[in-house]
Amino acid sequence: MKKIEAIIKPFKLDEVKDAINAIGVQGMTVVEVKGFGRQKGHTELYRGAEYVIDFIPKIKIELVVADNMVEKVIDTIEKTAKTGKIGDGKIFVYNIEDALRIRTGERGEVAL
């Protein structure tokens, strides 16, 4: 099993969610986050005053999937979230040792 974390632009969330559901992945966790990478924030003008926004609003999607679904999920997220502009985000993949469904006590991939 692998955990996939994707940090994407907020307006891409619905498209990514629909695309992931379409390939048969059930369940995800979504968190509103702020951060910066190469963008390093940006400057905005408000009522004539300039101010710097250091942390850009993003969405973090977390999924745990079976090993045989990893590449399909990554490709789907990449294609759906990509705008071609700076700040499109990142995808991280982690190994998961075990999973447990609290309600039934099922463990491993069947718990997903």
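In this report, we go over the structure that sits alongside the text. (Residues numbered from 1 in each chain as written. Predicted model: local features only at pLDDT ≥ 70, side-chain atom pairs only at ≥ 80, totals over all residues. Heavy atoms only, no water.)

### Regarding helix H2 (residues 70-81)
Along its twelve residues, H2 runs 16 Å from first to last C-alpha, staying within 8% of the 16 Å computed at 1.5 Å per residue. Taken together, the buried positions of H2 are occupied by Val70, Val73, Ile74, Thr76, Ile77, Thr80 and Ala81. Summarising the axial view, the buried residues of H2 lie within an arc of 165°, below the 170-degree limit, and thus occupy one face. The outward face of H2, more than 90 degrees from its buried face, is lined by the exposed residues Glu71 and Lys79. Those residues of H2 that are buried lie in contact with strand S1 (2-8), helix H1 (13-22), strand S5 (56-65) and strand S6 (90-95). (Helix = DSSP H or I, 4+ residues; strand = E, 2+ residues; numbered from the N terminus. Expected span 1.5 Å × (residues − 1). Buried < 20%, exposed > 50% of the residue type's maximum accessible area, 1.4 Å probe, protein only. Arc of directions from axis to C-beta. Contact = heavy atoms within 4.5 Å.)

### Notes on the side chain of glutamate 62
Tracing the backbone through its elements, the reader meets glutamate 62 in strand S5. According to the relative accessible area criterion, glutamate 62 is buried, its value standing at 19%. Separated by 3.4 Å, the side chains of glutamate 62 and lysine 60 make a polar contact. If sequence neighbours within four positions are ignored, glutamate 62 has contacts with Lys3, Ile4, Glu5, Met28 and Thr29. (Polar contact = N/O pair within 3.5 Å; in protein donor to acceptor, adjacent residues only side chain to side chain.)

### A word on the pattern of salt bridges
In this structure the tally under the stated criterion is eight salt bridges. Here glutamate 62 and lysine 3 are joined by a salt bridge, their closest N and O atoms 4.0 Å apart. With glutamate 62 in strand S5 and lysine 3 in strand S1, this pair connects stretches of sequence that are 59 residues apart. Among the charged side chains, a network of salt bridges with common partners joins Lys3, Glu5, Lys60 and Glu62. (Salt bridge = Lys/Arg side-chain N within 4 Å of Asp/Glu carboxyl O.)

### Digging into the side chain of lysine 12
By the secondary structure assignment, lysine 12 is in the loop between S1 and H1. Within polar-contact distance, the side chain of lysine 12 engages the backbone oxygen of threonine 80 at 3.3 Å. Not counting chain neighbours up to four residues away, the residues in contact with lysine 12 comprise Thr80, Ala81, Lys82 and Thr83.

### Points about the nonpolar core
Residues Ile4, Ile61, Leu63 and Ile77 are the most contacted members of the largest nonpolar core, which totals 16 residues. Elements supplying a minimum of two residues to this core: S1, H1, S5 and H2. Examining the composition of this core, we find that five residues originate from one element, H2, more than from any other. Excluding residues that lie within four positions of it along the chain, isoleucine 4 makes contacts with Ile61, Glu62, Leu63, Val65, Val70, Val73, Ile74, Ile77, Ile91, Phe92 and Val93. (Core = buried A, V, L, I, M, F, W, Y, C linked by side-chain atoms within 4.5 Å.)

### With respect to H1
Note on helix geometry: an α-helix contains 3.6 residues per turn, so any two residues three or four positions apart are oriented the same way. Turning to H1, its buried residues number three or more, namely Leu13, Val16, Ala19 and Ile20. Mapping the buried residues of H1 onto a view down its axis gives an arc of 135°, with all of them on the same face. Exposed side of H1, more than 90 degrees from the buried face: Asp14 and Ala22 are the residues found there. Where the residues of H1 are buried, they touch S1, strand S2 (29-35), S5 and H2. Immediately beyond the C-terminal end of H1, within one or two residues, lies glycine 24, with a positive phi of roughly 95°.

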